[in-house]
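Inside the fold
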Amino acid sequence: MFKKSLLTIAALAVLATPAFAAECITSKGSFGAYKQGLAKDASKAGVGKRGLQALNAASLSDITWRFESRPSSQTGVSQGDPARFLAKRSGSSAQNFVNQTRKKIARNPNTFAAIERKYGVPASLLATIWGLETSWGGYLGKTPIVSGAVTLSSYCRRHPKFEVHAIAALKMADRGVISGKTRGGPSGELGHMQFLAGNWLRYGVDGNGDGRADPYAAADALATAANMLRKNGWKPGKPFGQGTRNFKVLSVWNDSGNYQRAIAYAAGLVE
């Protein structure tokens with residue numbers, strides 16, 4: 001989850017300001033100063049009163065800071081066994097994960113069929129990602145989204161690339177999509193598919209026809225994931241196994257090689 005969509009960040013530069021007032025930090029005690037600089041950047045980017053209030057109320061996320069302080073892993077490079085990855089991630093066997101994924105598709109056939117007709121992304125792939133990210137909506141995270149996004153943005157190893165997502169989270173608070181108390185993943189991931197906020201603002205679509213794009217509505221989140229993949233080069237009806245063009249597109253979702261292989265492996269079994 002924590003490395004998601006690094007390859008799309010450059011395309012989101014329009015959401016950020018040309019020059020950053022916020023300077024990255026290496027100690028927790030400097031978080032308040034970082035927020036002051038970020039407030040200036042956010043104001044320039046059009047964040048209004050509610051968003052700035054959410055920023056003011058944000059606290060440093062210890063879980064995010066601890067994760068970022070670990071030595072950088074090489075999991076995106078190693079050739080791990082996708083079945084073992086699935087088992088570890090889901091807390092069960094790979095076959096059980098596949099069985100549960102099939103059941104989710106069977107319970108929502110019209111939703112998945114409509115998404116595939118529009119975006120060309122198969123149900124097997126979307127339901128697999130949904131299961132890996134939040135256990136099909138069963139666990140959406142416990143970290144306040146704004147605090148997680150701002151903490152990640154403040155950390156020097158991630159700043160300034162992730163400031164765009166912190167500011168996007170503040171814009172979402174401005175619009176009432178989330179509040180400062182809304183919870184998600186440790187790095188500010190939100191909703192059923194655990195989008196980074198900048199990606200949600202860029203790709204978010206209404207998948208259930210109620211007139212709004214809501215990351216906490218499963219149909220909207222699934223349609224948005226399909227939209228994101230399609231706009232980054234997904235080819236409908238083409239294979240997505242390792243070595244294919246569509247497999248490469250999965251790096252837009254998550255830049256971990258193990259994660260990409262697990263998605264393709266599980267989705268291939270689900271079909």
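For the structure given in this document, a descriptive report is provided here. Position numbers for residues start from 1 in each chain and track the written sequence from start to end. Reporting in this predicted model follows two pLDDT cut-offs: at least 70 for local features of residues, and 80 or more for side-chain atom pairs to be given and counted; totals over whole chains, interfaces and linings ignore these cut-offs and use all residues. Hydrogens and water molecules were not included; the side-chain quantities draw on all heavy atoms of the structure.

Moving on: the layout of surface pockets. Estimated volume of the second largest pocket: approximately 300 Å³. The helix count covers DSSP runs of H or I at least four residues long, the strand count covers runs of E at least two residues long, and both are numbered beginning at the N terminus. Elements represented by at least two residues in the lining of the second largest pocket include exactly α4 (82-90), α5 (94-107) and α7 (123-134). Take the lining of the second largest pocket: its biggest share by element is four residues, from α7. Charged means Asp, Glu, Lys or Arg here, nonpolar means Ala, Val, Leu, Ile, Met, Phe, Trp, Tyr, Cys or Pro, and polar covers whatever is left, Gly included. Here the lining of the second largest pocket is composed, by residue class, of eight nonpolar, twelve polar and three charged. Cavities and pockets were defined on a 1 Å grid built from protein atoms only: a cavity is a group of points that admits a 1.4 Å probe but offers it no way out, a pocket is an open group of points flanked by protein on both sides within 12 Å along at least five of seven lines, and a lining residue is one with an atom within 4 Å of any such point. Grid points are joined across faces, edges and corners, and a volume is the space filled by probe spheres set on the points.

With that settled, consider α5. When the terminal C-alpha atoms of α5 are compared, their 20 Å separation across 14 residues agrees well with the 20 Å that a helix rising 1.5 Å per residue should span. When accessible area is computed with a 1.4 Å probe and restricted to protein chains, residues below 20% of their type maximum are described as buried, those above 50% as exposed, and intermediate ones as partly exposed. Every buried residue belonging to α5 is among Ala-94, Phe-97, Val-98, Thr-101, Lys-104 and Ile-105, and all of these are buried. Relative to the axis of α5, the buried residues are bounded by an arc of 120° and lie together on one face. In α5, those exposed residues whose orientation departs by more than 90 degrees from the buried face are Ala-106 and Arg-107. Residue contacts follow a heavy-atom distance rule, with two residues in contact if any of their heavy atoms lie within 4.5 Å. In this structure, the buried side of α5 is in contact with α4, α6 (109-119), α7 and α13 (257-270). Any helix carries an expected span of 1.5 Å times its number of residues minus one. Working note: the arc is built from the helix axis to C-beta atom directions.

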